[in-house]
Amino acid sequence: MFKLIAFDLDGTLTQHRSKLDQTNRKVLEELDKKYKLLMVGAGGCERIYNQLNCFPIDIIGYYGMQESVMNNGQLKIVRSDFYTVDKQYFIDATDKIREKFGYTDYAGDNVDFHETGAVTIPLLGKSAPIEEKVAFDPDRKKRAVMYPFVKSLFDGFNVFIGGSSSFDIVKERFNKYNALTAYMKEHGINENEVMYVGDDFGCGGNDEQIKTGGLNYTLIDDYRNLGNKLAFLL
Ligand SMILES: [Mg+2]
């Protein structure tokens, strides 16, 4: 009955910003024999592909702003959307957030502006060590408290509790639900034929719109449980 299995990356297939391990690679390989597989990620297609150790898979990146396919064993970007943002506004708004919640000490860049127009606010700074980032807010509670205020600063944008210690901000039309349903329409796949697998369906989570939009989904509470949680698909 299912034709397409779509995945989040961080926290679902891997630890945050860590490479795909052999166990979960085998899960993907098994699923790949039965279904079309697709990544629907928050980061860029190339970063996702590298984090997957070049596992061959089509990728939607940046919440729908970018798309790649496999072409003769190579990743090929087939679509990239761009917009520009008022950088000074984002810098000033980030300063407000840092002052209000006490994150005025940070390593490296204060705000991360991506080439697409997407913006990341890394609370610990862009260059903070990955271990610190991963340990910062594993249950997302720190950022959940901040979320209403952060969201209120960016009218016309979606704000996501992204990564391990950051907020992702993209124009309102970009979210995983819109991205996935556009892909389904393009490929003639209906809602009953899709299963989305993610770890963050709560308020402000970057998989939230998949759930509120009514698509089938499977919650992964720990990426090390991926195989067990998806055994019903095999
Ligand atoms: Mg995730």
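Residues numbered from 1 in each chain as written. Predicted model: local features only at pLDDT ≥ 70, side-chain atom pairs only at ≥ 80, totals over all residues. Heavy atoms only, no water.

Considering helix α1 (residues 22-32)
Along α1, the residues classified as buried are Asn24, Arg25, Val27, Leu28 and Leu31. Taken end-on, α1 shows its buried residues confined to a sector of 155°, consistent with a single buried face. When the buried face of α1 is taken as reference, the exposed residues oriented beyond 90 degrees from it are Gln22, Thr23 and Lys26. Tucked inside the fold, the buried residues of α1 contact β1 (4-7), β2 (36-40) and α8 (226-229). Between the side-chain oxygen at the start of α1 and the backbone nitrogen of Thr23 there is a gap of 3.3 Å, and the oxygen is on Asp21. (Buried < 20%, exposed > 50% of the residue type's maximum accessible area, 1.4 Å probe, protein only. Helix = DSSP H or I, 4+ residues; strand = E, 2+ residues; numbered from the N terminus. Arc of directions from axis to C-beta. Contact = heavy atoms within 4.5 Å. Polar contact = N/O pair within 3.5 Å; in protein donor to acceptor, adjacent residues only side chain to side chain.)

Topic: the coordination of the magnesium ion
The reference angle at a metal is 109.5 degrees if four donors form a tetrahedron and 90 or 180 degrees if six donors form an octahedron. The coordination sphere of the magnesium ion, as far as protein atoms go, consists of Asp8 (OD), Asp10 (O) and Asp199 (OD), spread over 2.2 to 2.3 Å. Within one chain, the residues serving as donors to the magnesium ion are arranged as D-x1-D-x188-D. Taken together, the residues Asp8 in the loop between β1 and α1 and Asp199 in the loop between β10 (194-198) and α7 (208-212) connect sequence positions 191 residues apart. Comparing Asp8 with Asp199 shows no difference in burial state: the two are buried. (Donors = N, O, S within 2.8 Å, 3.2 Å for Na, K, Ca; no water.)

What about the domain arrangement of the protein?
Each domain of the protein was delimited in the assignment, giving domain 1 (4-81 + 174-233) and domain 2 (87-171). For domain 1 versus domain 2, the separation of C-alpha centres amounts to 23 Å. The interface is formed by 18 residues belonging to domain 1 together with 18 residues belonging to domain 2. Across the domain 1 to domain 2 interface the summed buried area is about 1500 Å²; carbon plus sulfur atoms make up 56%. By the criterion of area lost to domain 2, the three top residues of domain 1 are His16, Tyr62 and Phe174, representing 33% of everything that side buries. One can count 2 salt bridges joining domain 1 with domain 2. Measuring nitrogen to oxygen at the nearest pair gives 2.8 Å for the salt bridge that ties Asp199 to Arg140. For the interface between domain 1 and domain 2, the tally reads 6 residue pairs in polar contact (both at pLDDT 80 or more). Here the side of domain 1 that touches domain 2 is built from residues that sort into 6 nonpolar, 8 polar and 4 charged. (Domains from an automatic or database assignment. Buried area = accessible area lost by both parts, 1.4 Å probe. Salt bridge = Lys/Arg side-chain N within 4 Å of Asp/Glu carboxyl O. Nonpolar A, V, L, I, M, F, W, Y, C, P; charged D, E, K, R; others polar.)

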